[in-house]
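# Coordinate inspection notes
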Amino acid sequence: MAALAEEQTEVAVKLEPEGPPALLPPQAGDGTGEGGGGTPNNGPSGAVPDPPGAGAPGAAAVSGSASGSSAPGKVASVAVEDQPDVSAVLSAYNQQGDPTMYEEYYSGLKHFIECSLDCHRAELSQLFYPLFVHMYLELVYNQHENEAKSFFEKFHGDQECYYQDDLRVLSSLTKKEHMKGNETMLDFRTSKFVLRISRDSYQLLKRHLQEKQNNQIWNIVQEHLYIDIFDGMPRSKQQIDAMVGSLAGEAKREANKSKVFFGLLKEPEIEVPLDDEDEEGENEEGKPKKKKPKKDSIGSKSKKQDPNAPPQNRIPLPELKDSDKLDKIMNMKETTKRVRLGPDCLPSICFYTFLNAYQGLTAVDVTDDSSLIAGGFADSTVRVWSVTPKKLRSVKQAADLSLIDKESDDVLERIMDEKTASELKILYGHSGPVYGASFSPDRNYLLSSSEDGTVRLWSLQTFTCLVGYKGHNYPVWDTQFSPYGYYFVSGGHDRVARLWATDHYQPLRIFAGHLADVNCTRFHPNSNYVATGSADRTVRLWDVLNGNCVRIFTGHKGPIHSLTFSPNGRFLATGATDGRVLLWDIGHGLMVGELKGHTDTVCSLRFSRDGEILASGSMDNTVRLWDAIKAFEDLETDDFTTATGHINLPENSQELLLGTYMTKSTPVVHLHFTRRNLVLAAGAYSPQ
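Residues numbered from 1 in each chain as written. Predicted model: local features only at pLDDT ≥ 70, side-chain atom pairs only at ≥ 80, totals over all residues. Heavy atoms only, no water.

## Considerations on the overall build of the chain
When helices and strands are tallied, the chain shows 20 helices and 29 strands. The 688 residues of the chain split such that 57% are buried. The long-range fraction of contacts in the chain, counting pairs at least 24 apart against all pairs at least 6 apart in sequence, stands at 65%. Put simply, the chain shows about 28400 Å² of open surface, and 51% of that area lies on carbon and sulfur atoms. (Helix = DSSP H or I, 4+ residues; strand = E, 2+ residues; numbered from the N terminus. Buried < 20%, exposed > 50% of the residue type's maximum accessible area, 1.4 Å probe, protein only. Contact = heavy atoms within 4.5 Å. Areas by Shrake-Rupley, 256 points an atom, 1.4 Å probe, with all protein chains shown as cover.)

The following block contains the structure:
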C-alpha cells in the first residue's frame, strides 16, 4: 500500500466539449509538490554545514531516498508500482554492525545527550525515537531476534508517550517475515524522518559521533533522517513538543513556503428586493443591505476584491443558476436577522439525538439552510429527514409529468407527487457502513461514501442513486462537496484523497502523500484548496489547480478526525483523537493556537457564520464553544517565527473556553451553525 503515496498527482481525463465548467487542465508534477529533497539547511544564512569525513547528514539528506513527505520522483530503491518491492525497501538494513553493540551505541548516545546543556538536550532528544525504531528494525531484519527483544525492552520506555501506539505495532514485529507485510514499517523505512535542529546542536552531535567513531548511528542518521538545520537559538522542549508527534517527524520548512491564495472570491452582484415586512421592521435601522457592511475583518463574504484571493478564473467554477441567485437572496435576508455572537452573547444549541440508532450512526450532514439532515448508518443505508414542516416529496412519474402545463407559474410545485410526501426517505445502494455524507449547496444532491469503496451521488428530487464513483479500492472515510457545487473530494483507507466532478466517472486529481488513512477532507471556502486530515497525524493542504501539496501541519499526537476553515479563509482548525483542537494560520503555515479541554476524540468542528466562535464536538459527549476572535488576535507571525518554527503558544485554553455543554450520553458527531447563528448538533444516543 505504501506505493500509493508515490503515484502521479493526477489522472488524465479526456476533455468533453459539452457540459458544465471546463475541466481543470492536467498538470505535470509530482505527488506532493514540495520539490526535491531540498538542501536541509535552508536557514536564513543558507550556508551548507561542512561534511565530516565522507558525508554529513546535511549532505546525505540532499540526495535523499525520501518518499511521502518529500518528492516521489526521488524515491531510491522503491519500485513505483501498485506494491513496493518489499525486499528492495528492506535491503538497506543489510549493512549491519555488531548486534551485541547496538545497546552500547544507543546508551552512549543517550548518555551524551542527557549530559549536554539544557538548550541542546531538548533538540537532540528528538533523535531517540527514529534511531530506536531503525536500530530495532535493523536487528530484526538481520535475524538477531534476542538482541532485538532485549534492545526493545531496555529502551522503549524512554520514548515520548505520544509514540505508544507506534511502539505497540513495532513490538509485534519480532521476525524478518513480519516486516514484509507491515505497512507501518514500510512507511518508516521509505520516508525520511524529519528533525528540525539548530546549527549549534547539530555541530555538537556531529562532533560527538565522529569522536566516538559511532558508525552505526551515523549510517542511520545519513540514510534515514532528514536534518533540517536552522540558524539561531535552539528551540525549547515546549516548542518542540508542540510541533512533533507525526509518523514522519515534523514538516520540512520548505514544505510550507509556497504562496497560498487564502482570500475569498468576489461575490456576484445580486440585488436584494425588499419585502414589505422587511421595510416595516427595518425603518428605524435603515435598509437591511445597509447592515451587511457592518461586519468586521473576520466577517464572511465581502464585495471588495480580497488581495489574498485567487484570480476569479483560477479554476473553472459552475455558473450561478437562477435558483442559486434566489437562494443567495434568501441567505442575505437571513443574514440581516443573524445574531452577532461573542463572549457575552453565546448561541443556543439545538441537539438532534438519533434514538434507537441500532443501525449505528456513522455520518451526519445538514444543508446550508438547515432544512434537511442526512444520516449515514452502519447498515449501509442513508436516511434523509426534513427538519421543517415541509415534507420530502419525489418528482411524479414520467407519464404524469407529460400532462403538466409547463408554462404555468407553479410548474415546480406541480411536478411533485404529493402521494410520496414523508418526513423521512431511506436511500439503499451501499454495501457497507456509510462513513461520509455531504449535501450539495443547491440541495439537489447528496453524496455518501462507504466502506464498500464507492462514493454515491443521490438525487434529492427522485431519492434515487444517480452515479457510483469507483476509484478507492478500500473504505472511503469522508466526502465533501465544494462550496460552489460540481466538484467534490473524497478520502479513504488507501491514503489518498481524490478530487472529482459530478459529471466525470474518474477523478480529476489524486492527492497522494499521506502515510496512513485520510480520515477527513474539507474544501477551502474559495474552493481552490482542499485540506485533508490523516491517521499519520498530519494535516495537508492541497492545491486543486495542480494537485500539489502546499502545506503540511504537524503537531497532533493522534489521528485527525475533524477539520474546518474559518469563514474568512485565513485559518484552519483541526481536531484529533488526542482531544486537542489546533489552530493554524494558512498564509504563514504556522500553528497559532491550541485549545485543550476535551477528554476524547474531537469529531466535529465548526466556526460561526462570522467566525467569532468556534464550536467543537467530541466523543466525550460535550459541545464546547471557544472565543475565536481572541484566539486569533495578536498573532506572532513574523519572518523569524516562520523560518525557525519558534512558536510560543499561550496557555490560555481556559480563557478562550466560553462554555461546555454536556449531553446525557450522546457523542457529538456533527455541528452546524444556521444562517442566524443557532448551533445544531447531532449524534446517536449510546446507553452506557
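## Let's talk about the packing of helix α3 (residues 102-115) against helix α10 (residues 199-211)
Relative to each other, α3 and α10 sit at 140 degrees, their axes nearing to 11 Å. In terms of axis orientation, α3 runs oblique to α10. For the pair α3 and α10, the crossing hand works out as right-handed. Across from G108, L109 and F112 in α3, the residues of α10 making contact are L204, L205, H208 and L209. Residue classes in the contact of α3 with α10 are distributed as five nonpolar, two polar and no charged. (Axes fitted to C-alpha atoms, helices over the stretch in contact; angles between N-to-C directions. Parallel < 35°, antiparallel > 145°, perpendicular 65-115°, else oblique. Left-handed = near helix turned anticlockwise from the far one by under 90°. Nonpolar A, V, L, I, M, F, W, Y, C, P; charged D, E, K, R; others polar.)

## Thoughts on the nonpolar core
Residues F132, F151 and L170 are the most contacted members of the largest nonpolar core, which totals 47 residues. It is helix α5 (residues 128-141) that contributes the most residues to this core, eleven residues altogether. Residues A531, I560, I586 and M591 belong to the second largest nonpolar core, which totals 23 residues. (Core = buried A, V, L, I, M, F, W, Y, C linked by side-chain atoms within 4.5 Å.)

## Points about the UniProt feature "repeat: WD" (unreviewed entry) in the chain
Look at the UniProt record and you will see "repeat: WD" (unreviewed entry) annotated at residues 354-395, 427-462, 469-500, 511-552, 553-586 and 595-627. Secondary structure within residues 469-500 divides into 0% helix and 59% strand; the distance between the first and last C-alpha atoms comes to 9 Å. (UniProt positions renumbered as here; feature names shortened; annotations may be inferred.)

## Description of the sheet that holds strand β9 (residues 445-450)
Strand pairing in a sheet is mediated by backbone hydrogen bonds. Such pairs are either parallel or antiparallel. Here we have four strands laid out as an open sheet, ordered β8-β9-β10-β11, and antiparallel in their pairing. The sheet terminates laterally at β8 (434-439) and β11 (464-470), the two strands that pair on one side only. Across the sheet, the mean angle separating the axes of adjacent strands is 20 degrees when strand polarity is ignored. In the sheet, β9 pairs with strand β10 (residues 454-459) via five bridges, with the strands oriented antiparallel. Looking at β10, one finds that Y445 is bridged to S459. (Pairing = 2+ DSSP bridges.)

## Focus: the side chain of D327
Note that D327 resides in helix α15 (residues 322-336). Take D327: its relative accessible area is 17%, and that puts it in the buried class. Within the structure, the side chain of D327 is placed 3.2 Å from the side chain of R675, a separation counted as a polar contact. The residues touching D327, leaving out its near neighbours within four places in the chain, are P441, R443 and R675. (Polar contact = N/O pair within 3.5 Å; in protein donor to acceptor, adjacent residues only side chain to side chain.)

## A word on unusual backbone geometry
Trans peptide bonds make up the majority, and among non-glycine residues the majority have a negative phi. In the Ramachandran plot, R537 falls in the positive-phi region, its phi being about 70 degrees despite a non-glycine side chain. Residue R537 is classed as buried on the basis of its relative accessible area of 5%. Backbone geometry places N621, a non-glycine residue, at a positive phi of 70 degrees. Within the fold, N621 resides in the loop between β25 (613-618) and β26 (622-627).

## Examining the packing of aromatic side chains
Scanning the entire structure with this criterion turns up 25 aromatic pairs. Ring geometry for F132 and F151: centres 5.5 Å apart, planes at 15 degrees, overall stacked. Of this pair, F132 sits in helix α5 while F151 sits in helix α6 (residues 145-155); the two residues are 19 residues apart in sequence, bridging distant segments of the chain. For the pair F132 and F151, one class covers both residues: buried. Three or more aromatic residues joined by ring pairs form one cluster here, namely Y106, F128, F132, Y136, F151, F152 and F155. Sitting over the face of the ring of Y226, K252 holds its NZ or CZ atom 4.1 Å from the ring centroid. The ring of Y162 is capped by K557, whose NZ or CZ atom sits 5.1 Å from the centre of that ring. (Phe/Tyr/Trp six-rings, centres within 6.5 Å; stacked < 30°, edge-to-face > 60°. Lys NZ or Arg CZ within 6 Å of the ring centre and 35° of its normal.)

## Thoughts on the sheet that holds strand β6 (residues 382-386)
The four strands lie next to each other as β4-β5-β6-β7, forming an open sheet whose pairing is antiparallel. At either end of the open sheet lies a strand with only one pairing partner, and these are β4 (361-366) and β7 (424-427). Ignoring which end each strand starts from, the neighbouring axes of this sheet average 20 degrees apart. Direction of pairing for strand β5 (residues 372-377) relative to β6: antiparallel, over a ladder of five bridges. The partner of G375 across the bridge, within β6, is R383.

## What about the pattern of salt bridges?
Tallying each qualifying case throughout the model produces 33 salt bridges. Two residues, E250 and R196, come together in a salt bridge whose shortest N-O distance is 3.6 Å. Highlighted residues: E250 in the loop between α12 (237-243) and α13 (276-282) and R196 in strand β1 (residues 193-198), separated in sequence by 54 residues. R196 matches E250 in its accessibility class, with the two residues each being buried. A salt bridge links R340 to E612; its shortest N-O distance comes to 3.5 Å. (Salt bridge = Lys/Arg side-chain N within 4 Å of Asp/Glu carboxyl O.)

## Here we look at the packing of α5 against helix α7 (residues 164-171)
Contact pair α5 / α7: the axes reach a minimum separation of 12 Å and the direction vectors enclose 10 degrees. By the criterion of interaxial angle, the relationship of α5 to α7 is roughly parallel. Between α5, through Y129, F132, V133, Y136 and L137, and α7, the contact on the second element is made entirely by D166, L167, L170 and S171. Within the contact of α5 with α7, the residues separate by chemical class into seven nonpolar, one polar and one charged.

## Here we look at the side chain of D231
With respect to the element layout, D231 can be found in the loop between β2 (225-230) and α12. With a relative accessible area of 18%, D231 lands in the buried category. Here the side chain of D231 touches R199 through a polar contact of 2.6 Å, side chain to side chain.

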